[in-house]
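Descriptive structure summary
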Amino acid sequence: MADLTSAWQERYAQLQASSQDGRLQRFYGAGIVAGNTPINSVPLVALDFETTGLDAEQDDIVSIGLVPFTLQRIFCRDAAEWIVKPVQPLAEESVIIHGITHSEVNSAPDFQHFLEQVLLALAGKVVVVHYRQIECNFFSQALLRRIGESIQFPAIDTLELEQRALRARQGLVGRLLQKPMGSVRLADCRKRYSLPYYHPHHAMTDALATAELLQAQVAHHYRPDTPVAQLWN
């Protein structure tokens, strides 16, 4: 069970020792819960980025949303959102999607200005995202560009949890018949649990929507004492 209980804890200790950035050293030094910690005892933080596009190597972050929570409560008072100036100009297509304008990003600080605040908000908590390829890849690339180091952390992906639930509902016969599983877009996932509609592509709102979705998914599909390692990647 060593891999289940301590793999990420050991990884954090290695990353703290190897990092050259004091902010990352403090982030890793705050540690992470053991993998066998029941999900209902884990401090969580939903994270969402709005970006200039979908390619983490070419595009950049334009806003950050954070919402700390547990399975029992969402701490809206401690939620945060920041507009960030990307390294390249905004494409008109992305402005249409997230509604963040050229003037807003032109007057906004660079991502590195908020880095310490973001890392403090994530330290010691398990990150929850909807589609980890966006938040994890963009976070790593943003740091690589600015400080020459990436970042690693376990993340619970509500999109991946929804795929598990849909595959279970689909069943063997459904898979053999290639029955469609259903959409895993955030709004469509929330609809299955009768959660309210929120206007998408706003970083803090999407983070809140993700936090509520995880609470609903655990309530419907998992025991509250499920080890967190069964949910994170």
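Per an unreviewed UniProt entry, the chain carries the name 3'-5' exonuclease and comes from Spartinivicinus marinus.

We now examine the UniProt feature "domain: Exonuclease" (unreviewed entry) in the chain. What UniProt calls "domain: Exonuclease" (unreviewed entry) maps, in this numbering, to residues 43-223. Across residues 43-223, helical content stands at 47% and strand content at 15%; the span's end C-alpha atoms are separated by 17 Å.

Moving on to the environment of Leu-213. Position of Leu-213 relative to the elements: it lies in helix α9 (residues 203-221). Accessibility expressed as a relative area gives 0% for Leu-213, which makes it buried. Counting along the chain gives 55 residues from Leu-213 to Thr-158, while the straight-line C-alpha distance between them is 7.1 Å. Not counting chain neighbours up to four residues away, the residues in contact with Leu-213 comprise His-130, Thr-158, Leu-186, Cys-189, Arg-190, Tyr-193 and Leu-195.

This paragraph deals with the sheet that holds strand β4 (residues 126-129). Strand order across the open sheet formed by 5 strands is β3-β2-β1-β4-β5, with mixed pairing between neighbours. Each end of this open sheet is capped by a strand with a single partner; those strands are β3 (80-83) and β5 (155-157). Averaged over all pairs of adjacent strands, the angle between strand axes in this sheet comes to 25°, irrespective of strand direction. Bridging between strand β1 (residues 44-51) and strand β2 (residues 61-69) involves 8 bridges; their strand directions are antiparallel. The residue of β2 that forms the bridge with Leu-47 is Leu-66.

Next up on the list: the side chain of Thr-158. In this fold, Thr-158 is placed in helix α7 (residues 158-176). On the basis of relative accessibility, which here comes to 0%, the residue Thr-158 falls in the buried class. Engagement of the side chain of Thr-158 in a polar contact is seen with the side chain of His-130, the distance being 2.7 Å. Setting aside chain neighbours within four positions, we find Thr-158 in contact with Val-128, Val-129, His-130, Thr-210, Leu-213, Leu-214 and Gln-217.

A few words on the pairing of β1. Most of β1 sits inside the fold, with 8 of its 8 residues counted as buried. Residues Leu-44, Ala-46, Asp-48 and Glu-50 of β1 are buried on one face, and the alternating residues Val-45, Leu-47, Phe-49 and Thr-51, pointing to the opposite face, are buried as well. Two strands pair when backbone bridges link them, and β1 and β4 are joined in this way by 3 bridges, in the parallel orientation. Counted as the bridge partner of Ala-46 is Val-128 from β4.

In this section: the side chain of Glu-149. Turning to its location among the elements, Glu-149 is positioned in the loop between α6 (132-147) and β5. Despite being buried, Glu-149 has no salt bridge partner; Arg-23 is the closest side chain of opposite charge, sitting 8.2 Å away. A polar side-chain atom of Glu-149 sits 2.7 Å from the main-chain amide nitrogen of Gln-20. Within the structure, Glu-149 has its side chain in polar contact with the backbone nitrogen of Asp-21 (distance 3.2 Å). Setting aside residues no more than four positions away along its own chain, Glu-149 makes contact with Ser-19, Gln-20, Asp-21, Leu-24, Ser-140, Leu-143 and Leu-144.

Conventions and cut-offs
- In this convention, every chain numbers its residues from 1, walking through the sequence in written order.
- Local features in this predicted model are restricted to residues whose pLDDT is 70 or higher, and side-chain atom pairs enter the listing and the counts only when it is 80 or higher, whereas totals over whole chains, interfaces and linings include all residues.
- Each side-chain value is worked out from all heavy atoms of the structure, with water and hydrogens disregarded.
- UniProt positions are given in the numbering used here, feature names are shortened, and annotations may be inferred rather than shown by experiment.
- Strands are runs of DSSP state E lasting at least 2 residues, helices are runs of H or I lasting at least 4, and numbering of each runs from the N terminus.
- Under the scheme applied here, a residue whose accessible area is under 20% of the maximum for its type counts as buried, over 50% as exposed, and between as partly exposed, the area being computed with a 1.4 Å probe on protein chains only.
- Whether two residues are in contact is decided by their heavy atoms, any of which lying within 4.5 Å being enough.
- Any two strands with at least two DSSP bridges between them are considered paired.
- Axis definition: a line fitted to C-alpha atoms, over the contacting stretch in the case of helices. Angles run 0 to 180 degrees between N-to-C directions.
- Pairs of N or O atoms within 3.5 Å make up the polar contacts considered here, provided that, within protein, one atom can donate a hydrogen while the other can accept it, and that residues adjacent in sequence are counted only when both atoms are side-chain atoms.
- In this tally, Lys and Arg are treated as positive and Asp and Glu as negative; His is ignored, and so are the chain termini.
- In what follows, salt bridge is the name for a side-chain nitrogen of Lys or Arg lying within 4 Å of a carboxyl oxygen of Asp or Glu.

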